[in-house]
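# Observations on chain architecture
What follows is the residue order along each chain.
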Amino acid sequence: AAVSRRGVTRRGLLLGALTGGAALCLPRGRARAGAARPAWLDGGPLPWRNWSGFQGCQPAHRLGPACESELLAQLRDSSGVLRPAGAGHSFSGLVPCDGALLFLDNLTGVAGADASSLQAEVWTGTRLAQLGPALDAHGQAMPNLPDIDYQTLGGALATSTHGTGALFGSLSSYVVGLTLATPSGELLECDGTRNAEVLHAARCSLGALGVVTRVRLQNARPFALLEETRFRALDAVLADLPRARAENRCYEFYAFPHSEVALEIATNETDREPFSSGSDDPDSLYLLETLFELTHRLPGV
């Protein structure tokens, strides 16, 4: 879905708070199936860290299968610990191990789409940033997304990644079918009639049941969104929270430590053509700088 923005964006706010350093920790391979493999995918020890740097390891091997059949062979041949790794977004210690890390960066894109049901089968190595344009080419869009778009689809599903909005579930709630590569190297097709119990467990499994290679998503028709951000007094935001949550498609706010100010973000569908406000509000930027000066010396902020 196209997103039009007004005011200070949440991405700019978060990147400013984290000083941009976390981006250096992310693996960069985004090759599609059949393309040349990124050099970092296959080989021996190479340190791995998540986006924040608080989780890390140096695995003995890195695996980057070029296709599903190669993945199955690697699973059958594996004799030790093997863990799938997405984009390194999780805060928890799901990935670190001294065995082998498995990356699905070669398994990306839309494998098939059904216009009548608005469903699409997608390879789970696809980054969320790639998925929007790929689905749009088939006249489809995901109903809701998180505010960070560099995750792999498989990692985002496995960790129950979600966006905001009282009427929306996590991304895994839109999975109506999936293909699971089991630790024994077999493919298991799961949907509402085949292995339904496995479907419900594997669509949000933290990688514990095997490697999900493809998922079938229940999508929507493409739509446009208008995102509006503004600073307000924190007390006013909290008092108004039930109304704001009920009246907006998606709503969230950030509270700043040791201040009385909050940044609220409301996103709703719109018929307007995509636009940009052109520049940030100088008063908002000044307030943001002031808040940073008040809080940046605090430990952990």
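Scroll up to find the structure.
Below you will find a few notes about this structure. Predicted model only: the values in this text are computed from it and were never measured. (Residues numbered from 1 in each chain as written. Predicted model: local features only at pLDDT ≥ 70, side-chain atom pairs only at ≥ 80, totals over all residues. Heavy atoms only, no water.)

## Topic: helix H8 (residues 282-295)
Here H8 spans 20 Å end to end across 14 residues, near enough to the 20 Å set by a 1.5 Å rise per residue. Within H8, the full set of buried residues consists of Ser284, Leu291 and Thr295. Take H8 and look down its axis: the buried residues cluster within an arc of 25°, on one side only. Turned more than 90 degrees from where H8 packs its buried face, Pro282, Asp283, Tyr286 and Glu289 sit exposed. Considering only its buried residues, H8 is in contact with strand S12 (224-233) and strand S14 (261-269). (Helix = DSSP H or I, 4+ residues; strand = E, 2+ residues; numbered from the N terminus. Expected span 1.5 Å × (residues − 1). Buried < 20%, exposed > 50% of the residue type's maximum accessible area, 1.4 Å probe, protein only. Arc of directions from axis to C-beta. Contact = heavy atoms within 4.5 Å.)

## Examining the packing of aromatic side chains
Applying the stated rule across the entire model yields two aromatic pairs. Seen in terms of ring centroids, Trp51 and Phe91 are 5.4 Å apart; in terms of plane orientation they differ by 85°. Their pairing is edge-to-face. Of this pair, Trp51 sits in the loop between strand S2 (48-49) and strand S3 (56-57) while Phe91 sits in the loop between strand S5 (82-84) and strand S6 (100-102), and the two are 40 residues apart along the sequence. Take Phe91: its relative accessible area is 57%, and that puts it in the exposed class. Taking 6.2 Å as the distance between ring centres and 40° as the angle between the ring planes, the aromatic pair formed by Phe231 and Phe256 counts as tilted. Of this pair, Phe231 sits in strand S12 while Phe256 sits in the loop between strand S13 (250-255) and S14, and the two are 25 residues apart along the sequence. Just as Phe231 is buried, Phe256 falls in that class too. (Phe/Tyr/Trp six-rings, centres within 6.5 Å; stacked < 30°, edge-to-face > 60°.)

## Side note on the side chain of Asp191
Here Asp191 lies in the loop between strand S10 (187-190) and helix H5 (196-202). Looking at Asp191, its side chain comes within polar contact range of the main-chain nitrogen of Thr193, at 2.9 Å. Polar contacts involving the side chain of Asp191 include one to the main-chain amide nitrogen of Arg194, which spans 2.7 Å. Once residues within four sequence positions are removed from consideration, Asp191 is found in contact with Val176, Gly177, Ala196, Leu199 and Arg216. (Polar contact = N/O pair within 3.5 Å; in protein donor to acceptor, adjacent residues only side chain to side chain.)

## Some details on the sheet that holds S5
Spatially, the three strands line up as an open sheet ordered S4-S6-S5, and their pairing is parallel. With one partner strand each, in any of the chains shown, strand S4 (61-63) and S5 form the two edges of the open sheet. On average, each strand axis in the sheet is tilted by 25° relative to the strand beside it, whichever way the strands run. For S4 and S6, the ladder comprises three bridges, and the chain directions are parallel. In the sheet register, His61 faces S6, and the bridge partner there is Ala100. (Pairing = 2+ DSSP bridges. Axes fitted to C-alpha atoms, helices over the stretch in contact; angles between N-to-C directions.)

## Quick notes on the environment of Arg272
For Arg272, the location among the structural elements is in the loop between S14 and H8. Residue class for Arg272 comes out partly exposed when judged on its relative accessible area of 45%. Residues Arg272 and Leu226, spaced 46 residues apart in sequence, show a C-alpha to C-alpha distance of 8.3 Å.

## Focus on the nonpolar core
Ranked by internal contacts, the top residues of the largest apolar core, which has 19 residues, are Val122, Leu131, Leu153, Val175, Leu178, Val215 and Leu217. Contributions of two or more residues to this core are made by strand S8 (119-123), helix H3 (128-136), helix H4 (153-158), strand S9 (175-181), H5 and strand S11 (211-218). Apart from residues no more than four positions distant in its own chain, Leu153 is found in contact with Val122, Trp123, Thr124, Thr126, Leu128, Leu131, Val215 and Leu217. Listed in part, the eleven residues of the second largest apolar core include Leu75, Leu102, Leu104 and Val211. (Core = buried A, V, L, I, M, F, W, Y, C linked by side-chain atoms within 4.5 Å.)

## Looking at the pairing of S11
Among the eight residues that make up S11, six are buried, leaving the element largely enclosed by the rest of the structure. Direction of pairing for S8 relative to S11: antiparallel, over a ladder of five bridges. Following the sheet pairing, Ala120 is matched in S11 by Leu217. Of the pairings in the sheet, the one linking S9 to S11 comprises six bridges and is antiparallel in character. Across the sheet, the residue bridging to Gly177 is Arg216, located in S11.

## Here we look at the sheet that holds S9
Spatially, the five strands line up as an open sheet ordered S7-S8-S11-S9-S10, and their pairing is antiparallel. On the outer flanks of this sheet lie strand S7 (110-114) and S10, each paired with one strand and no other. Across the sheet, the mean angle separating the axes of adjacent strands is 10° when strand polarity is ignored. The strands that helix H2 (residues 68-77) touches are S8, S9, S10 and S11; relative to S11, the one it contacts most, it runs at about 140°. Set on the sheet, H3 makes contact with S7, S8 and S11; between it and S8 the angle comes to about 140°.

These figures capture arrangement, not role.
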